Amino acid sequence: MILSFLQDAVAFTNHYLWDYLLLFLLCGTGVYFTLRLRFIQVLRFGESFRRTFGGIRLRGAKADGQGMSSFQSLATAVAAQVGTGNLAGAATALIGGGPGAIFWMWLSAFFGMATIFAEATLAQKFKTTRDGEVTGGPAYYIRAAFKGRLGKVLAGIFSVLVICALGFMGNMVQSNSIGAAFRNAFGIPPLVVGVLVAAAAGFVFLGGVQRIASVTEKIVPVMALFYIIGAFLIIAVNFRRIPDAFAQIFTGAFSPQALAGGAMGITVQKAIRFGVARGLFSNEAGMGSTPHAHAVAKVKNPCDQGVVAMMGVFIDTFVILTLTALVVLVTGVLPRGYAGELQGVDLTQAGFETMFGRGGTVFIAVCMLFFAFSTIIGWYFFGEVNIRSLFGKKGVKVYALLVCIFVAVGSTLKVDLVWSLSDTFNGLMVIPNLISLLSLSNTVSRLYQAYRRPKQIQEAS
């Protein structure tokens, strides 16, 4: 009874939050920065690619109180971005919004690359040293945007929302998906998996920023490559269906009634809503989460990390999430999602099973473990930054313990409610972050213009 009431209340809130306010606010902010920065995601894409992949290290520079290397910061950000949103989230978007939702994911990610440049650049500009450690993020640039009491209140609200959205609710989503994947693959009770994941996460948490950086820089490149190869194999085997898959995506974006999904009541508005919502949950552009990682990068110019940050959105959405969507579409398992037989990661596993049989279920379970575990680490770190901002070092151990408890408990909850609560808190934390980004848009523009001048002089000489 109580869960049913909570589900209805959360659904009502998400309807107005996501279907109206955030669709316009998120996309509008991305469009604004795209125009203000003259399509930086296109003009600086090559530079972003070179800076990112030229800096890959599985055994990089040791993180310390003075921050992380640029690649370690990106790896921590991508660890948070590449999680259940790429496996379970893509599937739920396809079921709720049809294939057209993937187009709106792409579009929101394209504009989101400009937004995340602004976020990372401002996080670098307004980072500070607290308790002997470099720190930064939206809470700090919110105070810079709004002086006095207003800035402190907005920063405080944002910090509380991040702690709830990522550290608690978001990490419940991650453990929920790991538990479901391992139940399907090995028959292991989700609570057992949740407790083991919580214990492993607690070990990383206690190691501080050094251990977090060390773990993410090793896990992220390997897990991404592992999944990409598996997905490519399935898509290659079903290559004749690739044109039809893209046709479904583009047709469904503007005319879902023309597809079988139209019989399920899927409309353009639903395609947009699920595409943008799951896209944000996946790549986090505009959410205000990944700037916490980019703030501690050791770079010469704030825009250096802003350029690198754009590649995180590209990898997350245009590569990994797109591969997941194509696997589901070319293998023909989506109708089973419409019928209610499968949901979340179960649908993705079904796609891999068409080629690998039982091995496909195991493959996704292993991928889910690493994807979601790395996200738990990243989201814990983002929450910890805000715990330090609100309470100092004394609140960190209590926060770490609570996150471990939420991870364990989250593995057993009903998936629909967990996702819905995560959507609510994610949506609420976007608002103060985007307001501050827009307020500081002149600062972003000035920093970018100064960043461009040496390059322009060098090109002209």
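Residues numbered from 1 in each chain as written. Predicted model: local features only at pLDDT ≥ 70, side-chain atom pairs only at ≥ 80, totals over all residues. Heavy atoms only, no water.

J.: What am I meant to see in the overall build of the chain here?
T.: On a plain count of helices and strands, the chain comes out with 20 helices and 2 strands. Here the C-alpha radius of gyration of the chain, 21 Å, is about what a compact globule of 461 residues would show, namely 23 Å. Along the first, second and third principal axes, the C-alpha set of the chain runs to 55 × 50 × 45 Å. Sequence-distant contacts in the chain: of pairs separated by 6 or more residues, those separated by 24 or more amount to 85%. When the accessible area of the chain is evaluated, it comes to approximately 17,700 Å², of which 67% is carbon and sulfur surface. Averaged over its 36 positive side-chain charges, the chain has a centre that lies 9 Å from the centre of its 19 negative ones. (Helix = DSSP H or I, 4+ residues; strand = E, 2+ residues; numbered from the N terminus. Rg over C-alpha atoms; globule rule 2.2 N^0.38 Å. Contact = heavy atoms within 4.5 Å. Areas by Shrake-Rupley, 256 points an atom, 1.4 Å probe, with all protein chains shown as cover. Lys, Arg positive; Asp, Glu negative; His and termini not counted. Charge placed at Lys NZ, Arg CZ, Asp CG, Glu CD.)

J.: What should I look at first to understand a nonpolar patch on the surface in this one?
T.: On the surface, Leu225, Ile229, Leu233, Val237, Met355 and Phe356 cluster together into a nonpolar patch covering about 530 Å² of accessible area. Contributing elements (two or more residues each) for the nonpolar patch: helix H10 (208-237) and helix H16 (345-356). Sorting elements by how many residues they give to the nonpolar patch places H10 first, with 4 residues. Assignment of secondary structure puts Leu233 in helix H10. On the basis of relative accessibility, which here comes to 41%, the residue Leu233 falls in the partly exposed class. (Patch = residues over 30% accessible without salt bridge, like charges linked within 9 Å, V, L, I, M, F, W, Y side chains within 5 Å. Salt bridge = Lys/Arg side-chain N within 4 Å of Asp/Glu carboxyl O. Buried < 20%, exposed > 50% of the residue type's maximum accessible area, 1.4 Å probe, protein only.)

J.: Could you clarify how one ought to interpret helix H3 (residues 45-53) in this entry?
T.: Count 3.6 residues to each turn of an α-helix, and residues three or four apart come out pointing the same way. Inspection of H3 places Glu47, Ser48 and Thr52 among the buried residues, and these make up the whole buried set. Projected down its long axis, H3 shows its buried positions confined to an angular sector of 125°, all on one face. (Arc of directions from axis to C-beta.)

J.: What is the right way to read the nonpolar core from this model?
T.: Side chains that are nonpolar tend, in soluble globular proteins, to be buried together. Counting residues in each nonpolar core, the largest one holds 147 residues, and the members touching the most others are Phe117 and Tyr227. For this core, the leading source of residues is helix H14 (residues 302-330), giving 17 residues. With 5 residues, the next largest nonpolar core counts Val10, Met172, Leu417 and Leu421 among its residues. (Core = buried A, V, L, I, M, F, W, Y, C linked by side-chain atoms within 4.5 Å.)

J.: Sorry, what's going on with the pattern of salt bridges here?
T.: Under the counting rule described, the total for this entry stands at 4 salt bridges. Between Asp304 and Arg51 there is a salt bridge whose closest N-O contact spans 3.1 Å. Of this pair, Asp304 sits in helix H14 while Arg51 sits in helix H3, placing them 253 residues apart in sequence. In this structure Asp304 comes out as buried when scored by relative accessible area, which is 9%. For Arg388, the salt bridge is made with Glu384, and the minimal N-O distance between the two is 3.1 Å. Here Arg388 and its partner Glu384 are both found in helix H17 (residues 358-391), 4 residues apart, which amounts to about one turn of the helix. Pair check on accessibility: Arg388 and Glu384 agree, each one buried.

J.: Looking at this model, I keep getting lost on H16. Mind explaining?
T.: Over its 12 residues, H16 runs 16 Å from end to end, which matches the ideal 16 Å to within 8%, given 1.5 Å per residue. Among the residues of H16, Val345, Asp346, Leu347, Thr348, Gln349, Ala350, Gly351 and Phe352 are the ones counted as buried. At the exit of H16 stands Gly357, carrying a positive phi of roughly 60°. (Expected span 1.5 Å × (residues − 1).)

J.: Just checking my understanding: could you explain unusual backbone geometry for this structure?
T.: One can expect most non-glycine residues to show negative phi and most peptide bonds to be in trans. If you check the backbone angles, Phe39 has positive phi at about 55° while not being a glycine. Mapped onto the elements of the fold, Phe39 is located in the loop between helix H1 (2-36) and helix H2 (40-43). Taking the relative accessible area as the measure of exposure, Phe39 reaches 37% and is therefore partly exposed. We note that Glu284 has phi near 65°; this positive angle belongs to a residue other than glycine. Within the secondary structure, Glu284 sits in the loop between helix H12 (268-283) and helix H13 (291-294).

J.: Sorry, what's going on with the state of the cysteines here?
T.: Put plainly, a disulfide is one covalent bond tying together the sulfur atoms of two cysteines. For the coordinates displayed, the defined rule picks out 0 disulfides. Its sulfur unpaired, Cys164 is 17 Å from the next cysteine sulfur, which belongs to Cys404. (Disulfide = S-S within 2.5 Å.)

J.: How should I be thinking about the confidence of the model for the chain in this particular structure?
T.: Any segment with low pLDDT has predicted coordinates that should not be analysed in fine detail. Mean pLDDT for the chain: 84, with 91% of residues reaching 70 or above. Looking over the chain, one finds the lowest element-wise mean pLDDT in helix H4 (residues 70-81), namely 76, and the highest in H2, namely 94. Scored below 50 in pLDDT, residues 457-461 makes 0 contacts in the model with residues more than four places away or belonging to other chains. (pLDDT = per-residue confidence, 0-100.)

J.: Help me out: how do you make sense of the packing of aromatic side chains in this one?
T.: Tallied over the full model, the rule gives 25 aromatic pairs. Ring centres 4.6 Å apart and planes at 20° place the aromatic pair Phe168 and Phe406 in the stacked group. Here Phe406 lies in helix H18 (residues 396-410) and Phe168 lies in helix H8 (residues 148-186), a separation of 238 residues in the sequence. By relative accessible area, Phe406 is classed as partly exposed at 25%. Through successive ring pairs, a cluster of aromatic residues spans Phe103, Trp104, Trp106, Phe246, Phe250 and Phe254. (Phe/Tyr/Trp six-rings, centres within 6.5 Å; stacked < 30°, edge-to-face > 60°.)

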